[in-house]
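The lines below spell out each chain.
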Amino acid sequence: MLDNIDSAMNWQALDAAHHLHPFTDHKDLHERGVKVIERAEGVFLYDAKGNKIMDGMAGLWCVSLGYSRPELVEAAAKQMATLPYYNTFFKTTNKPAVALATKLASIAPEGLKHVFYGCSGSEAVDTALRTARVYWQTLGKPEKKIIIGREYGYHGSTTLGASAGGMVDMHRQSGDMPNFVHVIPPYWYGKGGQMSPEEFGLYAAKEAEKKILELGPENVATFIGEPIQGAGGVLIPPSTYWPEINRICKQYDILLIADEVICGYGRTGKWFGTDYFGIKPDMMTTAKGLTSGYLPLSALLMNNRVADVLINEVGEYYHGFTYSGHPVSCAVGLKNIEILENENLVEGATAKGELLRAKLNEAIGDLPIVGEIRGVGLIGAIELTADKRTRKFFEKNGRVGVICRDHCIAAGLMMRATRDTMLFSPPLSITEAEIEKFAAMAKIAFEKTFADVRAEVAL
Ligand code: PMP
């Protein structure tokens, strides 16, 4: 169908007439005209106008293997021809779902052996939060239901996920759910003031403890946090933060959920952010990199503490999705993990990330608007600043980020802006030559950004 009508279609006009986009100001989109992405290969996207753009975000942090890997296409086609779908409700299962759960249990941090599938990170988060409440209710503590998240946290767009996240615009639009509380994020660059990063990491964790004591630990079900807060600005916690959160959750008997939807499956140079920081979660939400985004799939992993209650005490758990354990998604997930292993892409992310940050430092590190270049493995951020020495933000936070993002795209590099923080998370398959190219394009874009805002910058 697409081939027959392609030349006659005005895709932009039809998109504007009929297609509503996620997280989009539609008036602004329709004025600018949507970009039609036609195909992609490796780390490059190609739009309908013939532009070639390096995908510095791996789609939405997910396309770890890069685009157009034939092995994933073959895995999907083979499974579609064998069993394209069957549910896992009717005391039935399928082999890819079982094989993938077994594989995940073997690569997951110790103790996380049980898998509940969904299609998206949001579904995994929803499942984790519902499960936390079901857990306490089943143990006779129904009052233990408050969920603690963090400012700038992102946990998806379902009602529970949006409530657990700390994005104030989301709360403003759909209203706050009761029994969700937010504490400060371990964002040293933006909130650390005169403290050292280590001091600030401890301070941020102790603020969570203060909040728990204020609420009463007997009322708190769970603390949910991304190992590195992704959408909120790639906020990398100081080394002191997670050990203290581990201690606090243990001391006050609060379930700990690590939201690994971005960090999971190698982005940090370890299989999970939990491995990198030594987090001790009871549950871990994963999605995105599980299939490199080729098909929708999420996996919530849980330890025996939680799973024993679900399996032995809850009876029927009234929860699940039509596509839980989808055989085609699971077959693609299995193949994806096999390739990550065979091509050493998880361990490789550490050296590639170091190289990328070194090249970025060479290219743009001395610019007066570049306040910090940070990263772990192949996830990172660049802070734009009005004063490098004092870490001062620009007036009207978010404005310069958009200018810089537009220059990046014009230079051929897809980056994302959160406030005035530029984010990057390229495919783990990126090569050294592509890393050089990434930095060269960033140089063009950041120099142009500096030229645009020069008058506002302390030199
Ligand atoms: N948790 C985190 C940490 C995420 O980054 C995201 C998506 N960016 C989600 C949950 C939600 O995932 P999805 O968009 O697949 O629902």
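Residues numbered from 1 in each chain as written. Predicted model: local features only at pLDDT ≥ 70, side-chain atom pairs only at ≥ 80, totals over all residues. Heavy atoms only, no water.

**Q** Looking at this structure, I do not really get the pairing of strand S3 (residues 52-55). What am I missing?
**A** Note on strand geometry: in a regular strand, side chains alternate between the two faces of the sheet. Two elements, strand S2 (residues 44-47) and S3, share three bridges in a ladder whose sense is antiparallel. In the strand pairing of S3, Phe44 is matched with Met54. Between the antiparallel neighbours S2 and S3 lie four residues, among them Gly50 with a positive phi of about 90°. Here S3 runs beside strand S13 (residues 413-414); their pairing, made up of two bridges, is parallel. Paired with Met54 across the bridge in S13 is Leu413. (Pairing = 2+ DSSP bridges. Helix = DSSP H or I, 4+ residues; strand = E, 2+ residues; numbered from the N terminus.)

**Q** I would appreciate a short explanation of the pattern of salt bridges in the present structure.
**A** Oppositely charged side chains can form a pair if their charged atoms are brought close together. Counted according to the given criterion, the structure contains 24 salt bridges. The partner of Asp253 in a salt bridge is Arg305, and the shortest N-O contact between them spans 2.7 Å. With Asp253 in the loop between helix H12 (241-251) and strand S8 (255-259) and Arg305 in helix H14 (residues 304-312), this pair connects stretches of sequence that are 52 residues apart. (Salt bridge = Lys/Arg side-chain N within 4 Å of Asp/Glu carboxyl O.)

**Q** Just to check I follow, could you spell out the domain arrangement of the protein for this structure?
**A** How large an interface is tends to be reported as the accessible area lost when its parts come together. Under the domain assignment, the protein is made up of domain 1 (35-68 + 344-458) and domain 2 (71-342). The gap between the C-alpha centroids of domain 1 and domain 2 is 27 Å. On the domain 2 side, the residues contacting the 39 residues of domain 1 number 35 residues. In total, about 3,000 Å² of surface goes out of reach between domain 1 and domain 2, with carbon and sulfur atoms giving 59% of it. The interface formed by domain 1 and domain 2 includes zero salt bridges. Linking domain 1 to domain 2 there are 19 residue pairs in polar contact (both at pLDDT 80 or more). Put simply, the parts of the chain that give the side of domain 1 that touches domain 2 at least two residues each are helix H4 (58-61), helix H16 (345-364), strand S11 (370-376), strand S12 (379-384), strand S14 (416-418) and strand S15 (421-424). A per-class count over the side of domain 1 that touches domain 2 returns 19 nonpolar, 13 polar and seven charged. (Domains from an automatic or database assignment. Contact = heavy atoms within 4.5 Å. Buried area = accessible area lost by both parts, 1.4 Å probe. Polar contact = N/O pair within 3.5 Å; in protein donor to acceptor, adjacent residues only side chain to side chain. Nonpolar A, V, L, I, M, F, W, Y, C, P; charged D, E, K, R; others polar.)

**Q** Would you explain the site of the ligand in this entry?
**A** By nearness alone, every residue bordering the ligand is listed as Ser120, Gly121, Ser122, Tyr154, His155, Gly156, Glu226, Asp259, Val261, Ile262 and Lys288. A distance of 2.7 Å is found between a nitrogen atom of the ligand and a side-chain nitrogen or oxygen belonging to Asp259. One of the side-chain nitrogen or oxygen atoms of Lys288 is found 2.9 Å away from a nitrogen atom of the ligand. Out of a free accessible area of 400 Å², the ligand has 83% covered by protein chains. Split by residue class, the shell around the ligand holds three nonpolar, five polar and three charged. (Near = heavy atom within 4 Å. Areas by Shrake-Rupley, 256 points an atom, 1.4 Å probe, with all protein chains shown as cover.)

**Q** What exactly am I supposed to notice about the sheet that holds strand S5 (residues 146-150) here?
**A** Think of a sheet as strands paired side by side through backbone hydrogen bonds, with each pair either parallel or antiparallel. Spatially, the seven strands line up as an open sheet ordered S4-S10-S9-S8-S7-S5-S6, and their pairing is mixed. Two strands lie at the open edges of the sheet, namely strand S4 (114-118) and strand S6 (180-183), each paired on one side alone. Averaged over all neighbouring strand pairs, the angle between strand axes comes to 20°, with direction disregarded. Direction of pairing for strand S9 (residues 283-286) relative to strand S10 (residues 298-302): antiparallel, over a ladder of four bridges. Counterpart to Met283 in the pairing with S10 is Met302. Those strands touched by helix H6 (residues 95-107) are S4 and S10, and its axis lies near 130° from that of S4. Contacts from helix H11 (residues 197-215) reach S5, S6 and strand S7 (220-225), with the element oriented near 150° to S6. (Axes fitted to C-alpha atoms, helices over the stretch in contact; angles between N-to-C directions.)

**Q** What is the right way to read the side chain of Thr285 from this model?
**A** With respect to the helices and strands, the residue Thr285 is situated in strand S9. At a separation of 2.8 Å, a polar atom in the side chain of Thr285 contacts the side chain of Asp259. For Thr285, the residues in contact, after removing those within four places along its chain, are Ala124, Val125, Ala128, Ile257, Ala258, Asp259, Glu260, Val261, Ala299 and Leu300.

**Q** Quick question: what am I supposed to make of the layout of surface pockets here?
**A** Where empty space is left becomes clear once a probe the size of a water molecule has been rolled over the atoms. Counted as a void, the second largest pocket has a volume near 880 Å³. Lining the second largest pocket are 24 residues, with Thr88, Val115, Phe116, Tyr317 and His319 sitting closest to its centre. For the lining of the second largest pocket, the secondary structure elements donating two or more residues are H6, S4 and H14. It is S4 that contributes the most residues to the lining of the second largest pocket, four residues altogether. (1 Å grid on protein atoms, 1.4 Å probe; cavity = no way out; pocket = protein on both sides within 12 Å on 5 of 7 lines; lining within 4 Å. Points joined across faces, edges and corners; volume = space filled by probe spheres on them.)

**Q** Please explain the packing of aromatic side chains as it appears in this structure.
**A** Describing an aromatic ring pair means giving the distance of the ring centres and the angle of the ring planes. Counted according to the given criterion, the structure contains 11 aromatic pairs. Aromatic rings pair up to connect Phe223, Tyr241 and Trp242 into one cluster. Cation over ring: Arg39 sits above Tyr46, and NZ or CZ is 4.0 Å from the ring centre. Directly above the aromatic system of Phe44 lies the positively charged group of Lys52, at a separation of 4.3 Å from the ring centroid. (Phe/Tyr/Trp six-rings, centres within 6.5 Å; stacked < 30°, edge-to-face > 60°. Lys NZ or Arg CZ within 6 Å of the ring centre and 35° of its normal.)

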